[in-house]
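# Fold and contact review
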Amino acid sequence: AFGDAVLRINLIDGDFPNYAQLIPKDLPSRVTFFADELLRAVRGVAPMSSQASNIVRLSWNGDAMQVTGQAEEGGKVSTEIPVKSEGGPGQIAFDVRYLLDYLVKKDGQIVMGTSTPSAPAVFSYRRTPHLVLMPMFVALDKKTPTPTAPTEGGPPASSAASAVGPDEAPEE
């Protein structure tokens, strides 16, 4: 005890979860963008996204990424930012709050790697720990093809984020 504070600890029996299985190994699609540009775009569509389960949709092809927020009543707002993409066109959807939390206070380039719209995305920023962000399951635009990757029956996706050490994430 420290003064009026008491610390109690309960040891939980069992094995630590295998978090490494959640980290994608093969990322055929990579998109490089400036953090402040995506932050500005996401903030712009966030009010519309908040009317539809806080979902923001990202789709890219070549040198541009569409950032879209859509309300349940049918309203839609979209903006475009410049990007450098490798591995062809793609699309994915995230909870706008998690994406904003990650982008805040970042400057410079960020690389996002993904394999499919339902697989976790890996965000890499400088030498800081990588972030694995789980996508939201939504109906995505059928016009934008998605990158292909071998299916290995990966973990179910939910809207959650976790940080992992740089040594545990895929190479950039």
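Check the entry above for the structure.
Overview of the structure. (Residues numbered from 1 in each chain as written. Predicted model: local features only at pLDDT ≥ 70, side-chain atom pairs only at ≥ 80, totals over all residues. Heavy atoms only, no water.)

## Let's talk about the overall build of the chain
Keep this limit in mind: Strands here mean DSSP runs of E at least two residues long; helices mean DSSP runs of H or I at least four residues long; both are numbered from the N terminus. With a 1.4 Å probe rolled over the protein chains alone, any residue whose accessible area is under 20% of its type maximum counts as buried; one over 50% counts as exposed, and the rest are partly exposed. Throughout, a contact is declared for two residues whenever any of their heavy atoms are within 4.5 Å. With residues, only the protein chains shown are counted as cover, and all accessible areas are computed by Shrake-Rupley using a 1.4 Å probe.
Scanning the chain for helices and strands turns up two helices and 10 strands. Beginning at the N terminus, the succession of helices and strands in the chain can be written as β-α-β-β-β-β-β-α-β-β-β-β. A total of 172 residues make up the chain; the buried ones form 42% of that total. Put simply, 66% of the contacts in the chain that link residues at least 6 apart link residues at least 24 apart. For the chain, the computed accessible surface area is about 10,200 Å², with 52% contributed by carbon and sulfur atoms.

## A few points about the packing of aromatic side chains
Rules: Pairing of aromatic rings covers Phe, Tyr and Trp, the last through its six-membered ring, and needs centres within 6.5 Å; plane angles under 30 degrees mean stacked, over 60 mean edge-to-face, and all others mean tilted. Put simply, a charge is over a ring when the Lys NZ or the Arg CZ is close to the ring centre, within 6 Å, and near the line of the ring normal, within 35 degrees.
Scanning the model with the defined rule gives three aromatic pairs in all. Ring geometry for Tyr102 versus Phe123: centroids 5.2 Å apart, planes at 55 degrees, classification tilted. With Tyr102 in helix H2 (residues 96–103) and Phe123 in strand E8 (residues 121–124), this residue pair connects regions lying 21 residues apart in the sequence. Residue Tyr102 shares its accessibility class with Phe123, and that shared class is buried. Taken together, the ring pairs in this structure connect Phe94, Tyr102 and Phe123 into an aromatic cluster. In this structure, Lys106 is placed above the aromatic ring of Tyr102, and the distance from its NZ or CZ to the ring centre is 4.2 Å.

## A closer look at unusual backbone geometry
Despite not being glycine, Asn54 has its phi angle at roughly 60 degrees, a positive value. You can see Asn54 is positioned in the loop between helix H1 (35–49) and strand E2 (55–61). Look at Lys105: it is not a glycine, yet its phi comes out positive at around 65 degrees. Turning to its location among the elements, Lys105 is positioned in the loop between H2 and strand E7 (109–114). Assessed through its relative accessible area of 80%, Lys105 is described here as exposed.

## A few points about a nonpolar patch on the surface
To keep it simple, the criterion reads: Nonpolar side chains (Val, Leu, Ile, Met, Phe, Trp, Tyr) within 5 Å and like charges within 9 Å form the patches, drawn only from residues with over 30% relative accessible area and no salt bridge. The working definition used for a salt bridge is a side-chain nitrogen of Lys or Arg within 4 Å of a carboxyl oxygen of Asp or Glu.
Together, Phe16, Tyr19 and Leu22 make up an exposed nonpolar region whose accessible area comes to about 330 Å². Residue position: Phe16 is located in the segment before strand E1 (29–34). By relative accessible area, which is 71% here, Phe16 ends up exposed.

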